[in-house]
Amino acid sequence: MAELICHAELTLPRHGDYMGDIIDRLASFQARPIPAAPGTTRLGYAFGWAEIAADGARVSLRGGAPDPGGLARLKDLMATAFMLYAKADRPRIRWQGDGAGDGRLDSFRLMRVVSATRLGPHMRRLRLGGEGLDRFAAFGNMHVRLLLPSPGNPAPAWPVAGPDGLAHWPDPGRKPLPRVYTIRRMDAAAAWVDIDMLLHDSGGPGASWARDAQPGDTVGMIGPLGRPLNAKARHFIMGADETGMPALARLLETLPPETGGTALVEIATPADRQPIDNRTAIRLEWLLRPPGAAPGAALADRIMAEGWPGHPDSFGWFAAESAPAQRIRQYWRSDLGLGRDRTLAAAYWKQGRAGLMAG
Ligand SMILES: Cc1cc2nc3c(=O)[nH]c(=O)nc-3n(C[C@H](O)[C@H](O)[C@H](O)COP(=O)(O)OP(=O)(O)OC[C@H]3O[C@@H](n4cnc5c(N)ncnc54)[C@H](O)[C@@H]3O)c2cc1C
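Note on numbering: residues in each chain are counted from 1, in written sequence order. Given that the model is predicted, a residue must reach a pLDDT of at least 70 before its local features are reported, and side-chain atom pairs must reach 80 or more before they are shown or counted; all residues, however, enter totals for whole chains, interfaces and linings. Side-chain measures were taken over the full set of non-hydrogen atoms in the model, leaving aside hydrogen atoms and water.

Participant: Tell me what's going on with the overall build of the protein chain, and back it up with residues and numbers.
Facilitator: The secondary structure content of the protein chain amounts to seven helices and 20 strands. Radius of gyration here uses only the C-alpha atoms, and the compact-globule reference equals 2.2 Å multiplied by the residue count raised to the power 0.38. Relative to its length of 359 residues, the protein chain is compact, with a C-alpha radius of gyration of 21 Å against a globular reference of 21 Å. Projecting the C-alpha coordinates of the protein chain onto the three principal axes gives extents of approximately 60 × 50 × 40 Å. Accessibility here uses a 1.4 Å probe with only protein chains present; expressed as a share of the type maximum, an area under 20% marks a residue as buried, one over 50% as exposed, and anything in between as partly exposed. Going through the 359 residues of the protein chain one by one, you find that 49% of them count as buried. Contact between two residues is taken to exist if any of their heavy atoms lie within 4.5 Å; hydrogens are not considered. Partitioning the contacts of the protein chain with sequence separation of at least 6, the portion at a separation of at least 24 is 67%. If you sum the accessible surface of the protein chain, you get close to 16,500 Å²; carbon and sulfur atoms cover 53% of it. Elements are defined by DSSP. Helices are runs of H or I of four residues or more, strands are runs of E of two residues or more, and each kind is numbered from the N terminus. Using the Shrake-Rupley algorithm and a 1.4 Å probe, accessible areas are obtained, with residue cover drawn only from the displayed protein chains.

And the structure:
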């Protein structure tokens, strides 16, 4: 098949202020730089290439891929980066070329609950079945946005692709509620993913849906989301609460077996401990949240007490409530001066705030 090409022209008078952030973000998706003319950045991915060229206020975007899935991924990566960083210039991306005007959103799948299994007092595993799941294994990311029905909107209207290649909502009044979850395990050939969902008591469409979902129920899924980890990391210091546990468990099951380090997981009760098929040399330790303590506070204390590992290819990974995540990010990035290529401290939820990171 001939290479598929997309392109878009933008007017961005202030691009000098933020273009570096856009290039950094695009490069962090396991891209390799490709030599290009002055004023042009070209990045190669396993699924295609992206090019950004600036001439005065005019910015041209181009992408090429061998198949429609790769091309859709490039449009998604580029459009998301400009939406995040170029807000001051209100970018209006309208892709031209192959796939332009195709309203099908390549990142969307309609999923159906296959089974629901209780994993402990506070967690339920939902196995979701759907077609064409290769994309969710292909790009090195492990999270998705579930698009949830709610009592007021039991039959949501699913998203389509807008002119910028991102999700648009044909019927905003019937827009489902998005919440971010991790694919705990998946088998694209057998057409399923497992999502482990916390049954917290603070309300919210994610926890409610997780509690009540029955085989046959439908839910939307968009993704994959997130960034691939630094592939060179061979030693980890990791911390997670219950919401980060699915991602931490997946890492312990899939990182190279020679990977060493320490992983700490904070849980509410001994019964919340889960079997993890740890295939690495990373030592796994469970911490019980002290009664009345703020979620993740004891976990952050322990991570800081452990200090930074001496191994030259160490990576710090942390996923929990916003306050401890901020403490650990500050400790790793500001106090220890470590960069984004060596650390990821993410807020997975925030006390008193609905839908963190879901938008
Ligand atoms: C990258 C990423 C991956 C994630 N993966 C998972 C996963 O695999 N499994 C999982 O269960 N969660 C995961 N989360 C966390 C999940 O998205 C949030 O907990 C989300 O807020 C749940 O939505 P909700 O509709 O239940 O509650 P919301 O509507 O978002 O919030 C309603 C209320 O519940 C509170 N709340 C939200 N989460 C919690 C909690 N954990 N404990 C106590 N109170 C809470 C909020 O502060 C708010 O007051 C992930 C988050 C991110 C960013």
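Participant: Which residues make up the domain arrangement of the protein chain, and what values do they have?
Facilitator: The split of the chain into domains comes from an automatic or database domain assignment. Segmenting the protein chain into domains produces domain 1 (4-97), domain 2 (108-225) and domain 3 (235-349). The gap between the C-alpha centroids of domain 1 and domain 2 is 28 Å. Listed as interface residues are 13 residues of domain 1 and, on the opposing side, eight residues of domain 2. Two parts lose some accessible area (1.4 Å probe) when they are put together, and adding that loss for both gives the buried area. Carbon and sulfur atoms supply 56% of the area that domain 1 and domain 2 bury against each other, a total of about 830 Å² over both sides. The rule for a salt bridge is simple: a side-chain nitrogen of Lys or Arg has to be within 4 Å of a carboxyl oxygen of Asp or Glu. The interface formed by domain 1 and domain 2 includes zero salt bridges. Polar contact criterion, stated in full: a pair of N or O atoms within 3.5 Å, where within protein one must be able to donate a hydrogen and the other to accept it, and residues adjacent in sequence count only if both atoms are side-chain atoms. Across the contact surface, domain 1 and domain 2 share four residue pairs in polar contact (both at pLDDT 80 or more).

Participant: Account for the sheet that holds strand β15 (residues 218-225), with residues named and values stated.
Facilitator: Across a sheet, paired strands are connected by hydrogen bonds in the backbone, their directions being either parallel or antiparallel. What the seven strands build is an open sheet, ordered β12-β9-β15-β7-β8-β14-β13; its pairing is antiparallel. On the outer flanks of this sheet lie β12 (177-182) and β13 (185-187), each paired with one strand and no other. The mean angle between the axes of side-by-side strands here comes to 35°, regardless of whether they run parallel or antiparallel. By this definition, two strands are paired if DSSP reports at least two bridges between them. With seven bridges connecting them, strand β7 (residues 108-120) and strand β8 (residues 123-129) associate as antiparallel partners. Looking at β8, one finds that Arg112 is bridged to Gly129. Lines are fitted to the C-alpha atoms to define the axes, a helix being fitted only along its stretch in contact, and any angle between axes, read from their N-to-C directions, falls within 0 to 180 degrees.

Participant: Mind laying out the environment of His235, listing which residues take part and the relevant values?
Facilitator: Counting through the fold element by element, His235 comes out in strand β16 (residues 235-240). Given the relative accessible area of 21%, His235 is considered partly exposed. Taking C-alpha positions, His235 is 9.2 Å from Gly310, a pair spaced 75 residues apart along the chain. When neighbours within four sequence positions are excluded, His235 is seen to be in contact with Thr259, Gly260, Gly261, Pro309, His311, Asp313, Ser314 and Phe315.

Participant: Please give an account of the sheet that holds strand β5 (residues 58-65) that cites residues and values.
Facilitator: One open sheet holds the six strands; their spatial order is β2-β3-β4-β5-β1-β6, and the pairing between them is antiparallel. Of all strands in the sheet, those bounded by a partner on one side alone are β2 (32-34) and β6 (96-97). Sheet topology note: the β2/strand β3 (residues 40-45) ladder contains three bridges and is antiparallel. In the strand pairing of β3, Ile34 is matched with Arg42. Helix α1 (residues 15-27) rests against β3, β4 (48-55) and β5 of the sheet, and its axis sits at about 15° to β3. Across the sheet, helix α2 (residues 68-85) touches β1 (4-11), β3, β4 and β5, and the angle it forms with β5 is around 155°.

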